[in-house]
Amino acid sequence: MTFRQVLRAAAWLTAAAALPARAADGPDAAVPKRPNILLAIADDWGYGHAGAYGCPWVKTPAFDRIAKDGLLFTRAYTPNAKCAPSRACILTGRNSWQLGAACNHVPYFPPEYKTWAEALAENGWHAGMTCKGWAPGVAKDAAGKPRRMAGTPFDQRTAPPPASGISNNDYAANFDAFLDAAPQDAPWCFWYGAAEPHRGYEYGSGAAKGGKRISDIDRVPGYWPDNEVVRNDLLDYALEVEHVDRHLGRMLASLERRGLLDNTLVVATSDHGMPFPRCKGQAYDGSNRVPLAMMWRRGIRSPGRTIDDYVSLIDLAPTFLELAGLAWEQTGLAPATGRSLVEIFRSDRGGRVVAARDHVLIGKERHDVGRPNDWGYPIRALVREGLIYVRNYEPSRWPAGNPETGYLNCDGGATKTEILNARRKDPNDRHWALCFGRRPAEELYDLTTDPDCLTNLAGSASHEEIRKALERQMTDELKAQGDPRMEGRGDVFEKQPYANEGQRGFYEKFMRGEKVKAGWVNESDFEKGPVD
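Residues numbered from 1 in each chain as written. Predicted model: local features only at pLDDT ≥ 70, side-chain atom pairs only at ≥ 80, totals over all residues. Heavy atoms only, no water.

A short note on the nonpolar core
Here is step 1: The biggest cluster of nonpolar side chains holds 60 residues, and the ones touching the most others in it are Leu-38, Phe-175, Tyr-192, Trp-224, Leu-234 and Phe-436.
Here is step 2: With eleven residues, the top contributor of residues to this core is helix α8 (residues 228-257).
Here is step 3: Not counting chain neighbours up to four residues away, the residues in contact with Trp-224 comprise Val-230, Leu-234, Met-274, Phe-276, Pro-277, Cys-279, Thr-415, Ile-419, His-431 and Cys-435. (Core = buried A, V, L, I, M, F, W, Y, C linked by side-chain atoms within 4.5 Å. Buried < 20%, exposed > 50% of the residue type's maximum accessible area, 1.4 Å probe, protein only. Helix = DSSP H or I, 4+ residues; strand = E, 2+ residues; numbered from the N terminus. Contact = heavy atoms within 4.5 Å.)

Structure follows, in structure tokens:
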């Protein structure tokens, strides 16, 4: 789509998005009701890193099977590229700026926002999970009782991990324990929340234990140096993605043995982009775009389709509840912003299926601490028809966290260390500027020609009209969704306390010389002198 076509389309977008779903092609009676649900969600798995997407250096036969026997989505996004807020969006069907304190990372989750897993459990479903559900943070109900946000935990079974950075949770065995405990006639939902490929990694494990070679990698993004260190870091990440996929394959095999696979909706995705600089914790295509495949043998028509519609992870909650036969208004969940994907299930078409699905909104508030006053780095962005418009509301702040406190909103690892050391040798290092330097108030990128978001078009006179159109559309939709920041009330997010009391006020404690633990970064990440 050209810039002019986007401009012409922008005027009617809000109305089109509100249109009712198109009737399914063919008789709806052929679509069974109430499948079981298996949601497999990796921790920090970036878009494109699967065989089904043509990636040569990450082997994912289970994910590929789901895509082949179901649907493969090419434009799926999380609204917020950090663990806790992304998972809050998935569980509630609402964008993070609609969730109060839960827009932040490590929050006190507001008790008024129920999750779809809680609603299903209240309605007779056997709801379970393993490893990482909604986290990190504190979630208690109005009476102060801990909530089971994603289901009852099944974590007892363990197995030796293939590398030191990998959890010993035997995910597939715990899924079997869950199935063994399921009542005979009750529907069930299970949240497979892997801990991988979250850092840390065992450096060199991708090559030494996975048999991978750095030459396997077909492309390194332009915001990192292309060298042996970075490529080995990517191979270590790939090893962990493959670990998640192996357990998913075991789960599919178990369902097949039990005769449950045909009427189970299997969803495989990630909470956000990979744990590398400029990805996780930011608001670019590499931050928020995620892998997504779905399989339901009895309910998805014309399997093997590739879907190019823009979808958001907030669409999962209304999808699950519709298939469960529950009216949203009867569940006790706050009104959903997401839209059910069942229309796509019942279509025969691939490519673009629903015309109104031509954009997504993304953004963030506070992720990790490390700035003065525990401030965040607020962003809102619109991804539409191959373009991304980004609005940075506090451009004087450091987007990945303050240098003197270790750039805390970027997990420590080999690639981060490589880039930080490069700047220490050359203050004008380009990769450091892209990953850690301050940013302008507005950014605009053409993802069709610049997928890494390297060339900012926001200041280009030839793109001024499209910049205004995208900014106007984004602002209008955020206002309609009740985003406090659009009303000048960003303090709604800024004033929320960080739920880890020991790390609250991190910047002030650190600058006073107190020892404050930040186990997700390396000691070498902390700058000893000014970087301005």
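What follows continues from the structure just given.
Side note on the packing of helix α6 (residues 171-181) against α8
Here is step 1: Remark: α6 packs on α8, axes separated minimally by 8 Å, with the N-to-C direction vectors making an angle of 30°. Taken together, the axes of α6 and α8 are roughly parallel relative to one another. Crossing angle aside, the handedness with which α6 passes α8 is right-handed. Every residue of α8 that contacts α6 at Tyr-171, Ala-172, Ala-173, Phe-175, Asp-176 and Leu-179 is listed here: His-243, His-247, Arg-250, Met-251, Ser-254, Leu-255 and Arg-257.
Here is step 2: Here the contact of α6 with α8 is built from residues that sort into seven nonpolar, three polar and three charged. (Axes fitted to C-alpha atoms, helices over the stretch in contact; angles between N-to-C directions. Parallel < 35°, antiparallel > 145°, perpendicular 65-115°, else oblique. Left-handed = near helix turned anticlockwise from the far one by under 90°. Nonpolar A, V, L, I, M, F, W, Y, C, P; charged D, E, K, R; others polar.)

What to know about the packing of aromatic side chains
Here is step 1: On inspection of all chains with the given rule, the structure shows 24 aromatic pairs.
Here is step 2: Here the aromatic rings of Phe-175 and Trp-188 are separated by 5.8 Å at their centres, their planes lie at 70°, and the arrangement is edge-to-face. Here Phe-175 is found in helix α6, whereas its partner Trp-188 is found in strand β7 (residues 188-193), with 13 residues between them in sequence.
Here is step 3: Look at Phe-175 and you get buried, because its relative accessible area is 0%.
Here is step 4: Between the aromatic rings of Phe-175 and Phe-190, the centroid separation amounts to 5.0 Å while the plane-to-plane angle is 55°, which identifies the pairing as tilted. Within this pair, whereas Phe-175 is found in helix α6, its partner Phe-190 is found in strand β7, the two being separated by 15 residues in sequence.
Here is step 5: The class for Phe-190 is buried, based on a relative accessible area of 1%.
Here is step 6: Put simply, the rings of Trp-57, Tyr-223, Trp-224, Tyr-237 and Phe-276 pair up and form one aromatic cluster.
Here is step 7: Above the ring of Tyr-284, the side-chain terminus of Arg-278 is found at 4.0 Å from the ring centroid.
Here is step 8: The ring of Trp-432 carries the charged tip of Arg-423 above its face, separated from the ring centre by 5.6 Å. (Phe/Tyr/Trp six-rings, centres within 6.5 Å; stacked < 30°, edge-to-face > 60°. Lys NZ or Arg CZ within 6 Å of the ring centre and 35° of its normal.)

A word on the environment of Lys-140
Here is step 1: Topologically, Lys-140 is positioned in the loop between β5 (138-139) and β6 (152-153).
Here is step 2: Sequence separation between Lys-140 and Gly-505 is 365 residues, and the spatial gap between their C-alpha atoms is 23 Å.
Here is step 3: Those residues in contact with Lys-140 that lie beyond four places of it in its chain are Phe-109, Pro-111, Lys-145, Pro-146 and Arg-147.

Focus on the sheet that holds β7
Here is step 1: Spatially, β6-β4-β7-β1-β8-β9-β2-β10 is the arrangement adopted by the eight strands of the open sheet, whose pairing is mixed. Sheet topology places β6 and β10 (305-312) at the edges, where each strand pairs with a single neighbour.
Here is step 2: One ladder, built from five bridges, connects strand β2 (residues 71-77) with strand β9 (residues 289-295); its direction is antiparallel. Directly across from Leu-72, in β9, lies its bridge partner Ala-293.
Here is step 3: In the packing of α6 onto the sheet, contacts are made with β1 (36-42), β4 (126-131) and β7, and the angle to β7 comes to roughly 165°.
Here is step 4: The sheet strands contacting helix α10 (residues 316-323) are β1, β8 (264-270), β9 and β10, and the helix crosses β8 at an angle near 175°. (Pairing = 2+ DSSP bridges.)

Quick word on the state of the cysteines
Working definition of a disulfide: a covalent bond connecting the sulfur atoms of two cysteines.
Here is step 1: For the structure on display, the rule yields zero disulfides.
Here is step 2: Its sulfur unpaired, Cys-55 is 14 Å from the next cysteine sulfur, which belongs to Cys-279.
Here is step 3: In this structure Cys-55 comes out as buried when scored by relative accessible area, which is 10%.
Here is step 4: In this structure Cys-83 is not part of a disulfide, and its nearest cysteine sulfur, from Cys-131, lies 11 Å away. (Disulfide = S-S within 2.5 Å.)

Comments concerning the pairing of β8
Here is step 1: β8 sits mainly inside the fold: seven of its seven residues count as buried.
Here is step 2: The alternating pattern of β8 places Thr-264, Val-266, Ala-268 and Ser-270 on one face and Leu-265, Val-267 and Thr-269 on the opposite face, and all of these are buried.
Here is step 3: The pairing of β1 with β8 spans seven bridges and is classified as parallel. Bridge assignment links Ala-40 to a residue of β8, and that residue is Ala-268.
Here is step 4: Sheet analysis places β8 next to β9, joined by four bridges and oriented antiparallel.

Points about the sheet that holds strand β13 (residues 387-392)
Here is step 1: Strand order in the open sheet made by the four strands is β11-β12-β13-β14, with antiparallel pairing throughout. Strand pairing shows two members of the sheet lacking a second neighbour, β11 (359-364) and β14 (442-446), which therefore form its edges. When strand polarity is set aside, the average angle formed by the axes of neighbouring strands in this sheet is 15°.

Some details on unusual backbone geometry
In most cases, non-glycine residues show a negative phi, while peptide bonds are predominantly trans.
Here is step 1: Of note, the amide linkage connecting Ala-135 to Pro-136 takes the cis form, showing an omega dihedral of -5°.
Here is step 2: The topology assignment puts Pro-136 in the loop between β4 and β5.
Here is step 3: For the bond from Arg-199 to Gly-200, the omega torsion is 10°, close enough to zero to count as cis.
Here is step 4: Located in the positive-phi region is Asp-374, a residue other than glycine, with phi close to 55°.
Here is step 5: You can see Asp-374 is positioned in the loop between β11 and β12 (379-384).
Here is step 6: The exposure class assigned to Asp-374 is buried, which follows from its relative accessible area of 9%.

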